[in-house]
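Each chain, written out:
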Amino acid sequence: MTSTRYLDIAEKLAVEIAGSAPGTRVSSEPELAARFGVGRAAARSALQELERRLLVRRVRGAGTFVNRRIDYVISHSRPPSWHATVEAAGATPRSQIKSVDRLPLPAVRAAHLDRPAGALMHRVVRTFFIDDLPATWIEEWIPVEVAPDLDLALHSVESIDLVLRQMGRVRPVRAWCRASVDLPPPEVLRGLGIEASVPVWLVDSVSRDADTGQVLMASSAWTRADAVRVVVELSDTVYPEEKTCE
């Protein structure tokens, strides 16, 4: 047996699981070793190769399962709604509020929100789930005057985009964004249930009202790369200053 035998096994498994539903259990190392007549090491390497390709997700103590990775599209033409984006990809969104506070605006956020440092803001910290997988940890800053009762509204409506449309009578659009890959801080690691060495997407963004240009929200979202592929779509539409994606 050559040292690349595990790649042959991985290729065969990749074809087999292509039509399987997300969450479908994949054969274990002993099962694969018996099926393909190889040692446990080769079977383990084949599963690790599938994991590197983001085709499966290995859950400690539970096994290996077919993974579904959705496209999260960032563009000026799409509403900056995480829930709407996930639903459009055919997955089920859910969010869990960690905290909703009224806090002074940090200096590092002041420029993006067109507010002086120290201005009173809503700070919302949430975990977003895709098909019950904790996929995104997000921190959002919203001016209090935009949605005075945001803390109450979020207990009945999960989408901040929808809350802003209903309460503020505005049309949020993504005005600026910056997408990168980085290692998250400990709080995010715990929230997403991932190891410290695993890089994730970091998307910083600003949303404005499409009609007035008023800044409505600034956010930082840490998202698991095995759950989401971030896609940035640029257009030639001219927007006010700061309305660019990097």
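These figures come from a predicted structure and were not determined experimentally. (Residues numbered from 1 in each chain as written. Predicted model: local features only at pLDDT ≥ 70, side-chain atom pairs only at ≥ 80, totals over all residues. Heavy atoms only, no water.)

As for the overall build of the protein
- Secondary structure summary: the protein contains eight helices and eleven strands in total.
- Its C-alpha atoms give the protein principal-axis dimensions of about 65 × 40 × 30 Å.
- For the protein, restricting intrachain contacts to residue pairs at least 6 apart in sequence, the fraction spanning at least 24 positions comes to 60%.
- On the protein, roughly 12,200 Å² of surface is accessible, and the fraction owed to carbon and sulfur atoms is 52%.
- Across the protein, the mean location of the 31 positive side-chain charges is 5 Å away from that of the 32 negative side-chain charges. (Helix = DSSP H or I, 4+ residues; strand = E, 2+ residues; numbered from the N terminus. Contact = heavy atoms within 4.5 Å. Areas by Shrake-Rupley, 256 points an atom, 1.4 Å probe, with all protein chains shown as cover. Lys, Arg positive; Asp, Glu negative; His and termini not counted. Charge placed at Lys NZ, Arg CZ, Asp CG, Glu CD.)

Description of helix α7 (residues 160–168)
- Those residues of α7 that fall on the buried side of the exposure criterion are Ile-160, Asp-161, Val-163 and Leu-164. Projected onto a plane normal to the axis of α7, the buried residues spread over an arc of 160 degrees and lie on a single side.
- Contacts made by the buried residues of α7 are with β6 (120–130), β7 (133–143), α6 (150–153), β8 (172–182) and β10 (215–223).
- After α7 finishes, the residue Arg-169 shows a positive phi value of roughly 50 degrees. (Buried < 20%, exposed > 50% of the residue type's maximum accessible area, 1.4 Å probe, protein only. Arc of directions from axis to C-beta.)

What about the nonpolar core?
- Counting 18 residues, the largest nonpolar core has Ile-70, Ile-74, Trp-82, Val-86, Ile-130, Val-228 and Val-230 as its most contacted members.
- At the level of elements, β4 (70–74), α4 (82–88), β6, β7, β9 (200–209) and β11 (228–232) are the ones that each hand at least two residues to this core. (Core = buried A, V, L, I, M, F, W, Y, C linked by side-chain atoms within 4.5 Å.)

Overview of the packing of helix α1 (residues 5–17) against helix α2 (residues 29–36)
- In the contact formed by α1 and α2, the axes pass within 12 Å of each other and the chain directions differ by 105 degrees. With respect to α2, the element α1 is oriented roughly perpendicular. In this structure, α1 contributes Arg-5, Ile-9, Lys-12, Leu-13 and Glu-16 to the contact, and α2 contributes Leu-32, Arg-35 and Phe-36.
- When grouped by side-chain class, the residues that make up the contact of α1 with α2 number four nonpolar, no polar and four charged. (Axes fitted to C-alpha atoms, helices over the stretch in contact; angles between N-to-C directions. Parallel < 35°, antiparallel > 145°, perpendicular 65-115°, else oblique. Nonpolar A, V, L, I, M, F, W, Y, C, P; charged D, E, K, R; others polar.)

Examining the sheet that holds β7
- Judged by pairing direction, the sheet is antiparallel, and its six strands sit side by side in the order β5-β6-β7-β10-β9-β8 without closing on themselves. The two strands at the open ends of the sheet, each matched to only one other strand, are β5 (93–104) and β8. The sheet shows a mean angle of 15 degrees between the axes of neighbouring strands, direction not considered.
- Two elements, β8 and β9, share ten bridges in a ladder whose sense is antiparallel. Opposite Asp-182, over in β9, you have Val-200 as the bridge partner. (Pairing = 2+ DSSP bridges.)

Re the environment of Ala-88
- Structurally, Ala-88 is set in helix α4.
- Classification of Ala-88 as exposed rests on a relative accessible area of 62%.

Quick word on the pairing of strand β2 (residues 56–59)
- Sheet topology places β2 next to strand β3 (residues 63–66); four bridges connect them, and they run antiparallel. What sits directly across from Val-56, in β3, is Val-66.

Some thoughts on the pattern of salt bridges
- Tallied over the full model, the rule gives 22 salt bridges.
- Note that Glu-49 and Arg-52 form a salt bridge whose closest N and O atoms lie 2.8 Å from each other. One end of the pair is Glu-49 and the other is Arg-52, both in helix α3 (residues 40–52) and three residues apart, which spans about a single turn.
- A relative accessible area of 52% means that Arg-52 is categorised as exposed.
- For Asp-71, the salt bridge goes to Arg-229, with nearest N and O atoms at 2.9 Å. One end of the pair, Asp-71, is in strand β4; the other, Arg-229, is in strand β11, and 158 residues separate them in sequence. (Salt bridge = Lys/Arg side-chain N within 4 Å of Asp/Glu carboxyl O.)

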